[in-house]
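Residue strings, one per chain:
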Amino acid sequence: LYPSLQMSIATNEQILQTFSDSAHVDIVNQVVFDAYGRRMATCSSDMFVCVWDREDSGMWIKTSSWKIHGGPVWRVTWAHPEFGQVLATSSNDRSVFIWEESTGITPAKWTKKASFADSRTTVTDIKFAPNFLGLQLATANSAGIIRLYEAPDVIDLSQWTLLHELTPFYYRCSSISWSSAQGLRLLMVAGCDDVDAKNNEKLVVYELNDNVRKWTILPSVKMAETRPVHDVAFSPSVSMLGHVVAVASGDVNLYNLTMRPSRSTSPAEPTAYTVQKIAVLSDGYKTWRLSWNVTGNAVTLCTAEGAIRVWKSMYLDEWKLVSTTIPSERKDMKKKRATEIKSVAAHHNPTVYY
């Protein structure tokens with residue numbers, strides 16, 4: 001992303017708004033919407049976080065901007081609104097901060113309520129748990145460690161408890177995602193983007209066993225990815241077969257995790273799953289980030305070339321590319337590069353006259 005943010009309509013690539021008054025003067029690392037799509041938070045390598053509110057006219061207005069952390073801010077994420085207006089941020093300065101917006105104050109003010117400094121390496125991803133699990137936050141770092149925190153009292157966000165510490169990899173953990181489907185056992189998937197990791201060490205799925213209150217690795221879930229995994233995300237909806245997870249590793253692979261009948265009577269025994277790759281979203285471009293829509297029938301991808309692509313599920317689980325949006329800056333750069341290549345080629349291959 002660029003310091004000048006752009007929002008565009010997926011169907012016809014029309015630019016809705018260009019954020020020329022952005023406080024960011026460096027690369028924007030993440031853009032996230034709240035649960036209702038009315039608020040947006042952005043974070044940047046300039047160590048700033050901005051919060052934007054959508055007016056009834058459709059225009060986005062920056063309502064808050066503040067400098068945080070001691071390095072580039074890699075991630076920002078919203079908590080569920082039932083816990084108030086709460087944000088979490090992470091940075092390569094190895095810290096994670098919890099922020100809460102003060103109510104009844106104009107202009108809005110965000111106050112730091114808590115900070116986690118357990119990591120000795122860069123914090124690569126942060127995600128709040130589904131609201132039915134309470135106010136919990138998962139953090140991942142470049143040492144391959146995932147830590148789960150909980151606020152026992154949602155009124156007092158200054159107090160957080162470390163619940164679990166998981167080690168899915170001996171390499172860098174790039175991304176994490178909670179499943180959000182109620183009625184099924186809660187899952188968490190972790191991805192690894194380290195080129196030195198083996199194929200069977202780039203994805204790990206954990207299951208929360210309510211009987212023993214522990215997270216355990218599911219040995220039956222095997223998703224062999226040969227390339228580094230840059231992002232993972234569970235679908236917010238549940239298919240007729242089970243959980244669906246999207247994995248961005250160059251292409252985007254969609255896997256279905258189906259529960260198998262178990263003969264075990266032990267409550268501590270992990271659930272057995274059947275893994276099936278149901279789709280490959282590929283158009284020749286490397287995907288860095290992905291996001292599901294609310295109903296789980298569309299996936300938006302951000303590619304290495306700066307384009308935004310939307311894939312939608314059609315009849316009989318067929319996925320179709322329905323939109324491609326390329327920022328105008330990228331279009332101009334591609335045209336300029338093509339012109340330069342032609343110029344260089346003409347220079348090195350002069351016309352020969354006979």
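Per an unreviewed UniProt entry, the chain is named WD40 domain-containing protein, and its organism is Pristionchus entomophagus. Taken verbatim from the UniProt record of the chain, the Sequence similarities (unreviewed entry) comment is "Belongs to the WD repeat SEC13 family."

A. Looking closely at the pattern of salt bridges. Applying the stated criterion to the full structure yields 10 salt bridges. Glu101 is the partner of Arg39 in a salt bridge, and the nearest nitrogen-oxygen pair spans 2.8 Å. Of this pair, Arg39 sits in strand E4 (residues 39-44) while Glu101 sits in strand E9 (residues 96-101), and the two are 62 residues apart along the sequence. What makes Glu101 buried here is its relative accessible area of 14%.

B. Just the sheet that holds strand E26 (residues 319-325), in detail. Spatial ordering of the open sheet is given by E23-E24-E25-E26, a layout of 4 strands whose pairing is antiparallel. Every other strand in the sheet has two partners, leaving strand E23 (287-292) and E26 as the edge strands with one partner each. Sheet twist, expressed as the average angle between the axes of neighbouring strands with direction ignored, equals 25°. Judged from the 6 bridges that link them, strand E25 (residues 308-313) and E26 form a sheet pairing that is antiparallel. Bridge pairing in E26 links Arg309 to Thr324.

C. Expanded view of the state of the cysteines. The final tally for this structure, using the stated rule, is 0 disulfides. Sulfur of Cys50: no disulfide; nearest cysteine sulfur belongs to Cys43 and is 9.8 Å away. For Cys50, a relative accessible area of 0% translates into the label buried.

D. Structural view of a nonpolar patch on the surface. Together, Met314, Tyr315, Leu316 and Val322 line one region of the surface with nonpolar side chains, adding up to about 450 Å² of accessible area. Assignment of secondary structure puts Val322 in strand E26.

E. Highlighting the side chain of His69. When you line up the elements, His69 lands in the loop between strand E6 (60-67) and strand E7 (73-78). Polar side-chain contacts of His69 include one of 2.9 Å to the side chain of Thr89. Side-chain polar atoms of His69 contact the side chain of Ser95, separated by 2.9 Å. With residues up to four places along the chain from it excluded, the contact list for His69 reads Met47, Thr89, Ser90, Ser91, Asp93, Ser95, Val96 and Phe97.

F. Spotlight on the environment of Leu137. Considering the arrangement of structural elements, one finds Leu137 in strand E12 (residues 136-141). Exposure remark for Leu137: the relative accessible area of 0% places this residue in the buried category. The spatial distance from the C-alpha of Leu137 to the C-alpha of Ile98 is 9.8 Å, given a sequence separation of 39 residues.

G. Seen up close, empty space enclosed by the protein. Within this structure, the stated rule accounts for 3 cavities of 30 Å³ or more. Considered as a void within the structure, the largest cavity measures approximately 70 Å³ in volume. Those elements giving two or more residues to the lining of the largest cavity turn out to be E12 and strand E13 (146-150). Ranked by residues supplied to the lining of the largest cavity, first place goes to E12 with 3 residues. Across the lining of the largest cavity, the residue classes break down as 7 nonpolar, 3 polar and 3 charged. Gly250, Asp251, Leu281, Ser282, Asp283, Gly284, Tyr285, Thr287, Leu301, Thr303, Arg309 and Trp311 are the residues that line the second largest cavity. Among the residues forming the lining of the second largest cavity, the class breakdown is 4 nonpolar, 5 polar and 3 charged.

H. Quick look at the sheet that holds strand E15 (residues 173-178). In spatial order, the strands read E15-E16-E17-E18; together these 4 strands make up an open sheet with antiparallel pairing. The two strands at the open ends of the sheet, each matched to only one other strand, are E15 and strand E18 (214-217). Between one strand axis and the next, the sheet turns by 25° as a mean value, whatever way the strands run. Bridging between strand E16 (residues 187-192) and strand E17 (residues 203-209) involves 5 bridges; their strand directions are antiparallel. Pairing of Val189 across the sheet is with Val205, part of E17.

I. Region of the structure containing the packing of aromatic side chains. One pass over the structure, following the stated rule, counts 9 aromatic pairs. For the ring pair Phe116 and Trp160, a centre distance of 5.6 Å and an interplane angle of 70° mean the geometry is edge-to-face. Here Phe116, found in strand E10 (residues 110-116), pairs with Trp160, found in the loop between E13 and strand E14 (161-166); they are 44 residues apart in sequence, far enough to count as distant. Relative accessible area serves as the criterion here: at 8%, Phe116 is assigned to the buried category. The class for Trp160 is buried, based on a relative accessible area of 14%. Three or more aromatic residues link up through ring pairs in this structure, and these residues are Trp66, Trp78, Phe97, Trp99 and Trp110. Across the ring face of Phe97, the terminal group of Lys112 is positioned such that the distance to the ring centre comes to 4.2 Å.

Rules used in this analysis
Residues numbered from 1 in each chain as written. Predicted model: local features only at pLDDT ≥ 70, side-chain atom pairs only at ≥ 80, totals over all residues. Heavy atoms only, no water. UniProt positions renumbered as here; feature names shortened; annotations may be inferred. Salt bridge = Lys/Arg side-chain N within 4 Å of Asp/Glu carboxyl O. Helix = DSSP H or I, 4+ residues; strand = E, 2+ residues; numbered from the N terminus. Buried < 20%, exposed > 50% of the residue type's maximum accessible area, 1.4 Å probe, protein only. Pairing = 2+ DSSP bridges. Axes fitted to C-alpha atoms, helices over the stretch in contact; angles between N-to-C directions. Disulfide = S-S within 2.5 Å. Patch = residues over 30% accessible without salt bridge, like charges linked within 9 Å, V, L, I, M, F, W, Y side chains within 5 Å. Areas by Shrake-Rupley, 256 points an atom, 1.4 Å probe, with all protein chains shown as cover. Polar contact = N/O pair within 3.5 Å; in protein donor to acceptor, adjacent residues only side chain to side chain. Contact = heavy atoms within 4.5 Å. 1 Å grid on protein atoms, 1.4 Å probe; cavity = no way out; pocket = protein on both sides within 12 Å on 5 of 7 lines; lining within 4 Å. Points joined across faces, edges and corners; volume = space filled by probe spheres on them. Nonpolar A, V, L, I, M, F, W, Y, C, P; charged D, E, K, R; others polar. Phe/Tyr/Trp six-rings, centres within 6.5 Å; stacked < 30°, edge-to-face > 60°. Lys NZ or Arg CZ within 6 Å of the ring centre and 35° of its normal.

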